[in-house]
Amino acid sequence: MPLRIVPLGGLGEIGLNSMLFDDGESALLVDAGLLFPDDTMLGVDYIVPDFGVLREAAGRLAGLLLTHGHEDHIGSASFLLKDFDIPVYGTPLTLGLLRNRLAEFDLDASARLVPIERSGRFRVGNFDVESFPVCHSIPDGVGYVFRCAEGVFVHTGDFKIDPSPPDGVPTAIERLSRISSEEKVTALFSDSTNVERDGHSLSESFVGEALAEIFEAAPGRVIVAMFSSNIHRIQGVLSAAARHGRRVALCGRSMVRNVATALDLGYMKLPRPDILIPVEDAEKLPDATVAVLTTGSQGAPRSAATLMALGEHKYVRVRGGDTAVLSSKFIPGNERAISSVSNHLFLAGAEVLHEKISEVHVSGHASREELKIMVRAVAPENFIPVHGEPRFLVRHRNLARELGVPHAEMALNGDILEFSGGRMRFAGKLEVGRFFVDGKGVGAVESLVLKDRYQLSKVGMVMVVLALSSTTGEILYGPDIVTRGVVTENGSEASVDEAREVVLKTWEESGIEARKDPAEIQTDIRRALRRYFNKRLDRKPVILPLVLEL
Ligand SMILES: [Zn+2]
Ligand SMILES: [Zn+2]
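Residues numbered from 1 in each chain as written. Chains lettered and ligands numbered in written order. Predicted model: local features only at pLDDT ≥ 70, side-chain atom pairs only at ≥ 80, totals over all residues. Heavy atoms only, no water.

J.: Please set out the pattern of salt bridges residue by residue, giving values where relevant.
T.: Throughout the structure, instances matching the rule amount to 33 salt bridges. Between Arg60 and Glu56 there is a salt bridge, and its shortest N-O distance comes to 3.2 Å. Relative accessible area serves as the criterion here: at 62%, Glu56 is assigned to the exposed category. Between Glu369 and Lys372 there is a salt bridge, with the nearest N and O atoms lying 3.1 Å from each other. One end of the pair, Glu369, and the other, Lys372, are both in helix α10 (residues 368-378), 3 residues apart, so they sit about a helical turn from each other. Exposure remark for Glu369: the relative accessible area of 30% places this residue in the partly exposed category. (Salt bridge = Lys/Arg side-chain N within 4 Å of Asp/Glu carboxyl O. Buried < 20%, exposed > 50% of the residue type's maximum accessible area, 1.4 Å probe, protein only. Helix = DSSP H or I, 4+ residues; strand = E, 2+ residues; numbered from the N terminus.)

Here is the structure:
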């Protein structure tokens with residue numbers, strides 16, 4: 001049997017990472033991530049793969065192997081585990097963060113979590129698996145080497161090559177070159193996220209120093225907004241704060257929870273036992289001795305950082321003298337929200353620093369020069385770029401070709417890559433769907449519902465309420481017309497009046513039988529109003545007539 005490798009997500013987008021390795025007798029998955037929605041997906045909290053495609057392989061599915069604890073790699077594991085009772089392999093911090101998520105789905109007790117070493121070797125099904133450490137914007141990340149009948153396969157996970165990693169463990173480039181020279185690697189799957197950045201990504205230690213300078217120089221409080229999963233950076237904030245006589249208040253549920261998990265598992269150390277203060281005490285200490293560490297760096301509307309900027313946060317309100325630091329990437333799609341939160345921070349009187357004007361953020365992904373180091377070290381026979389939008393994948397494939405990789409190809413989600421005798425070929429496509437999740441994952445939103453929401457947001461809605469007598473068909477109440485997002489403030493009175501006339505005229509023109517049949521008159525009203533709004537406003541709002549019989 002040839003080995004089949006199928007990306008279920010992450011090849012064509014940033015997020016939703018998941019890849020299937022299947023030799024026909026046993027199969028495993030690398031990562032089960034989620035994707036955050038763009039702004040056309042109203043009310044959708046996140047998107048997960050439809051793991052239904054795995055049903056055929058269910059009997060031989062031997063495990064889920066996680067590379068690190070980011071949501072785009074572990075965020076859909078609960079959905080996978082609901083349907084497939086398989087063991088989950090990961091390093092202790094990755095499993096710790098996963099456990100927090102599983103608890104939200106009441107799966108934490110039943111899940112079989114198997115802790116692994118960052119440099120470890122174990123068996124999953126027919127696969128001889130070796131984990132190797134990688135540096136990234138979260139500690140305890142790994143990549144994997146899979147050895148099986150069809151060869152040696154390397155999956156990098158998310159990585160960068162940090163010359164001075166905060167935890168002292170570098171990305172295992174030396175180990176990979178040794179494997180390459182001793183065994184010959186059949187294929188490399190490598191992280192494409194930063195292929196458009198030239199040179200090297202800066203070391204995480206750099207940010208710690210930049211923050212320390214800010215903590216020293218800032219006249220008042222320093223409020224740092226960042227992703228709560230970046231444990232190294234949180235550690236950097238705590239150390240810098242301790243050095244410059246500041247205490248730190250944590251804000252945001254995931255910030256508090258992740259810090260607790262990291263302390264618990266030994267991935268973080270308090271520089272002094274009393275460095276953390278309850279957020280309610282932040283106002284009681286002199287401003288120059290306080291730092292606030294919060295989530296919300298992407299400007300999400302009800303996030304702690306936004307509430308602080310708007311003066312609506314329960315404990316921390318931004319005011320003159322404060323320095324706000326947005327210590328994370330401007331994620332494409334979030335720019336508007338981020339610039340809105342920084343405007344509010346400025347309006348509240350704060351000084352605002354972010355990655356575009358200060359060294360308060362470095363990327364967790366390899367830039368071009370680091371990607372080259374990876375390709376050269378592994379020197380694979382075949383190369384498939386992973387983790388990225390199509391243009392990243394094309395650029396990364398081209399880079400591998402320039403470096404002389406014999407077969408560098410671009411694959412997208414669902415492509416079946418078949419390996420036999422060291423050769424790779426495309427062997428058709430698997431239909432890979434996805435679910436839109438609304439709220440706590442209770443119900444997956446149908447794409448039809450989503451279309452409705454999108455339509456409503458674009459064209460607005462007109463609701464008509466009319467009550468008719470069931471015996472005579474006379475009007476007992478209404479017509480009442482409510483519109484949302486259809487008419488401008490000025491034009492509203494007139495067109496609502498006219499719309500009411502249209503409804504009355506429709507009623508007048510319908511026969512007595514139709515007046516006693518709500519379904520029929522509803523259809524007539526909808527048709528008449530649609531024609532009216534189209535002609536009057538050149539718009540096609542969603543029209544919802546509600547005709548009651550009394
Ligand atoms: Zn990551
Ligand atoms: Zn990622």
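J.: With reference to specific residues and values, describe the sheet that holds strand β25 (residues 461-468).
T.: Reading across the sheet, the 3 strands line up as β26-β25-β27 and stay open at both edges, with mixed pairing between neighbours. The sheet is open, and its two borders are formed by β26 (475-484) and β27 (542-549), each paired with just one other strand. Sheet twist, expressed as the average angle between the axes of neighbouring strands with direction ignored, equals 10°. Of the strand pairs in this sheet, β25 and β27 are connected by 8 bridges, and their pairing is parallel. (Pairing = 2+ DSSP bridges. Axes fitted to C-alpha atoms, helices over the stretch in contact; angles between N-to-C directions.)

J.: I'd love a proper account of the coordination of the zinc ion (ligand 2), names of residues and values included.
T.: Six octahedral donors around a metal ideally sit at 90 or 180 degrees from one another, while four tetrahedral donors ideally sit at 109.5 degrees. The coordination sphere of the zinc ion (ligand 2) contains the protein donors Asp72 (OD), His73 (NE2) and Asp158 (OD), at a distance range of 2.1 to 2.2 Å. Donor residues for the zinc ion (ligand 2), ordered by position in the chain, follow D-H-x84-D. (Donors = N, O, S within 2.8 Å, 3.2 Å for Na, K, Ca; no water.)

J.: Describe the environment of Arg233, with residues and values.
T.: Mapped onto the fold, Arg233 is located in helix α6 (residues 231-243). Since its relative accessible area comes to 2%, Arg233 is described here as buried. In this structure, the C-alpha to C-alpha distance between Arg233 and Leu16, residues 217 residues apart in sequence, is 24 Å. Polar side-chain contacts of Arg233 include one of 3.2 Å to the backbone oxygen of Val362. (Polar contact = N/O pair within 3.5 Å; in protein donor to acceptor, adjacent residues only side chain to side chain.)

J.: How would you explain the coordination of the zinc ion (ligand 1) if you had to name every residue and give the values?
T.: The protein atoms donating to the zinc ion (ligand 1) are His68 (NE2), His70 (ND1), His136 (NE2) and Asp158 (OD), with metal-donor distances spanning 2.1 to 2.3 Å. Every donor counted, the 4 donor atoms about the zinc ion (ligand 1) form angles of 90 to 167° at the centre, which fits irregular coordination. In this structure the zinc ion (ligand 2) is found 3.3 Å away from the zinc ion (ligand 1), and Asp158 serves as a bridging donor for the pair. Linking His70 in the loop between β5 (61-65) and α1 (71-74) with His136 in the loop between β9 (127-133) and β10 (142-148), this pair joins segments that are 66 residues apart in sequence. (Tetrahedral: all angles 85-135°; square planar, octahedral: opposite > 155°, others 65-115°.)

J.: Describe the layout of surface pockets, with residues and values.
T.: Empty space left among the atoms is revealed by rolling a probe the size of a water molecule over them. Of the voids in this model, the second largest pocket is the one considered here, and its volume is about 250 Å³. If you go around the second largest pocket, the residues you meet are Val502, Lys505, Thr506, Glu509, Ser510, Asp524, Arg527, Ala528 and Arg531. Put simply, the parts of the chain that give the lining of the second largest pocket at least two residues each are α13 (489-509) and α15 (518-537). Along the lines of polarity and charge, the residues of the lining of the second largest pocket split into 2 nonpolar, 2 polar and 5 charged. (1 Å grid on protein atoms, 1.4 Å probe; cavity = no way out; pocket = protein on both sides within 12 Å on 5 of 7 lines; lining within 4 Å. Points joined across faces, edges and corners; volume = space filled by probe spheres on them. Nonpolar A, V, L, I, M, F, W, Y, C, P; charged D, E, K, R; others polar.)

J.: Residues and numbers for the nonpolar core, please.
T.: Counting residues in hydrophobic clusters, the biggest one holds 64 residues, and the most contacted among them are Phe51, Leu54, Leu64, Leu80, Leu98 and Leu293. Excluding residues within four positions of it along the chain, Leu98 makes contact with Leu66, Ile74, Ala77, Val88 and Leu113. Counting 28 residues, the second largest nonpolar core, distinct from the first, contains Cys148, Ala187, Ile384 and Phe419. (Core = buried A, V, L, I, M, F, W, Y, C linked by side-chain atoms within 4.5 Å. Contact = heavy atoms within 4.5 Å.)

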